[in-house]
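Geometric and topological summary
Next come the chains, spelled out residue by residue.
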Amino acid sequence: MGNKRLYWPAKSNYIPPASSTSIPKKDFVYDAIFIGGGAAGRFGSAFLRAMGGTQFTFEADNHLGGQCCKHNCVPEHFAYDNSVYMDHLRWFGGQLWFPEIPDKLDMAPIFDVYRKVRDTNVYQFMTDQSKGQLGIEFAVYKEAKIIDANTVEVDGERYRAKNLVIATGARPRIPNIPGINLKGVITHQELVGIDYEPQKIVVIGQGKTSSGYTSFFRSCGCEVTVVNRSPIYRWLDDDVREFVISNMKRRGIKIHEGVKIKEIKGVEKVEAVVFEEDGKLKEVPCDTVFLGTGVVPNSEIASPLGVEIGPNNEIVVNKKFQSSIPNVYAIGDTAGLPYVMSKARQSGMIAAKNIMGEETEMMDRTIPEFMFTTYEITWCGLTEKECREKYGDAVIIKMPPDKLDIGLPLAERSMVMAHLHPEMSGFQKAIIEPKSRRFVGFWHVGYGAKAAFQYLPVLMDKGLTVDEMATFHELFLNAEHFIQLTRLRAGQKNLSNL
Ligand code: COM
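Below is a short write-up of the structure. (Residues numbered from 1 in each chain as written. Predicted model: local features only at pLDDT ≥ 70, side-chain atom pairs only at ≥ 80, totals over all residues. Heavy atoms only, no water.)

**Some remarks on the sheet that holds strand 12 (residues 260-266)**
The sheet built from three strands is open, its strands ordered 12-13-14 with antiparallel pairing. Whereas interior strands pair on both sides, the edge strands pair on one side only; in this sheet they are strand 12 and strand 14 (280-285). For this sheet, the mean angle separating the axes of adjacent strands, direction not counted, is 20°. (Pairing = 2+ DSSP bridges. Helix = DSSP H or I, 4+ residues; strand = E, 2+ residues; numbered from the N terminus. Axes fitted to C-alpha atoms, helices over the stretch in contact; angles between N-to-C directions.)

What follows is the structure in structure tokens.
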């Protein structure tokens, strides 16, 4: 049981040209050997090279770029993008110039297209950029074994470095539920290789990744039921959460919160999920179970070293990404939370700097976050409730205002929606600590605002006030509206809600 279950991997036919990979040197001591060439390992290797260091990167899979382009971010966004097109055609079909589409659309061909593009373009780009532009030395299909804090063994040969950098990523967390190994119980990894058409899906767990897939399944016309141990999306601001969940229900997604999963039923293939809700046993028939139950860092490779391992199986690191053995670094998901791309890539960069003698720690910046439903949901900083708890008060700038059913935000990708389904166009909210007039949180549900959230936290951490934002230039009509809304309030000595 547990993580020993067999995967049904999304296969790839890509083989990098031999001229792009390198042969590691045996009689040489590298500044660093990277084990794993995913986002963390690839960015770390590139940064170390850029600083003039010597490295070699051993990758167990057939490509650099890791899970991101294989099973994670790229297919997740591809599914989301498909989902938005499908939903918009459904909502708009028969109006203006929009054609009507069938209720059930197939997902296997969608992932088939994804795999073909990935194998021809994405992997090739990873190879070409890594070798040609960044000068990274790497080899693929190489399982490295750690011998000691300076030595790894690959294909029976030993290679040495002053530092080891472990970047072996994470794997899906598989809960201990009877029936978990039945055919049709899949994670986001197996979904990319799907070769049948699910009709009825139960999603166990609602994290920031499974939310997007849940929506995608529904957009494809499947019957979708979510079962979760606790209330879903507890991290969202209450207003945002309410909007998101009510729109999921409106689209026909069934949600059961606070349940205890008892069993996944089936003979060879999954047939139903049994759970307890409000003291009663319930059974939802399905042909597919999608697990959104989180991830576990792949830290086992470090066991010969005896480095400290944390409660989630992560390698415990300091802010320089050093493990309990100073010349052994762990970066990316292997180093535990947060499991986000920005941390993965930055951790590689920070490890490289420290290895090259430039002492650097990860900065304590507010991390922006996003998740998908059929909407793009982006945020940084505090919820309204957290602001009130922390500062005793909060001023809110919100659009549309409560109880006003108008189509706002009004911008690219939400224009048609705002005119045909105003109540569904989206929603945004800025949270201000009134005494200092500083922003402490930004929230957005809609389309096209995500890029702004890469910069808003930096401005917020630097103390961005309502008065300062009122001097910014908006690109009208714009997705997230914060600048112009702020300008409507900045004249007030005592700020009030908008
Ligand atoms: C992105 C992978 S697909 S990496 O972060 O550029 O290596």
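**What to know about the site of the ligand**
If you check the shell around the ligand, you find Ala 39, Arg 42, Phe 43, Gly 65, Cys 68, Cys 69, Met 126, Met 341 and Arg 345 and nothing else. Between an oxygen atom of the ligand and a side-chain N or O atom of Arg 42, the distance comes to 2.7 Å. Relative to its unbound accessible surface of 260 Å², the ligand loses 92% to contact with the protein. Elements supplying a minimum of two residues to the shell around the ligand: helix 1 (39-50), helix 2 (66-70) and helix 8 (341-355). For the shell around the ligand, the element with the most residues is helix 1, which contributes three residues. (Near = heavy atom within 4 Å. Polar contact = N/O pair within 3.5 Å; in protein donor to acceptor, adjacent residues only side chain to side chain. Areas by Shrake-Rupley, 256 points an atom, 1.4 Å probe, with all protein chains shown as cover.)

**Some points on the packing of aromatic side chains**
For any pair of aromatic rings, the description rests on two quantities: the centre-to-centre distance and the angle between the ring planes. The full count for this structure, using the stated rule, is 23 aromatic pairs. On the basis of an interplanar angle of 55° and a centroid distance of 5.5 Å, the ring pair of Tyr 14 and Tyr 123 is categorised as tilted. Of the two residues, Tyr 14 sits in the segment before strand 1 (29-35) while Tyr 123 sits in helix 4 (residues 108-133), which places them 109 residues apart along the sequence. Each member of the pair, Tyr 14 as well as Tyr 123, is classed as buried. Aromatic pair Phe 111 and Phe 216: ring centres 5.7 Å apart, planes at 75°, arrangement edge-to-face. (Phe/Tyr/Trp six-rings, centres within 6.5 Å; stacked < 30°, edge-to-face > 60°. Buried < 20%, exposed > 50% of the residue type's maximum accessible area, 1.4 Å probe, protein only.)

**Thoughts on the sheet that holds strand 15 (residues 288-291)**
Spatial ordering of the open sheet is given by 8-15-9-10-11, a layout of five strands whose pairing is parallel. Each edge of the open sheet carries a strand with a single partner, namely strand 8 (185-186) and strand 11 (254-257). The sheet contact formed by strand 10 (residues 223-228) and strand 11 spans four bridges and is parallel. Looking at strand 11, one finds that Val 227 is bridged to His 256.

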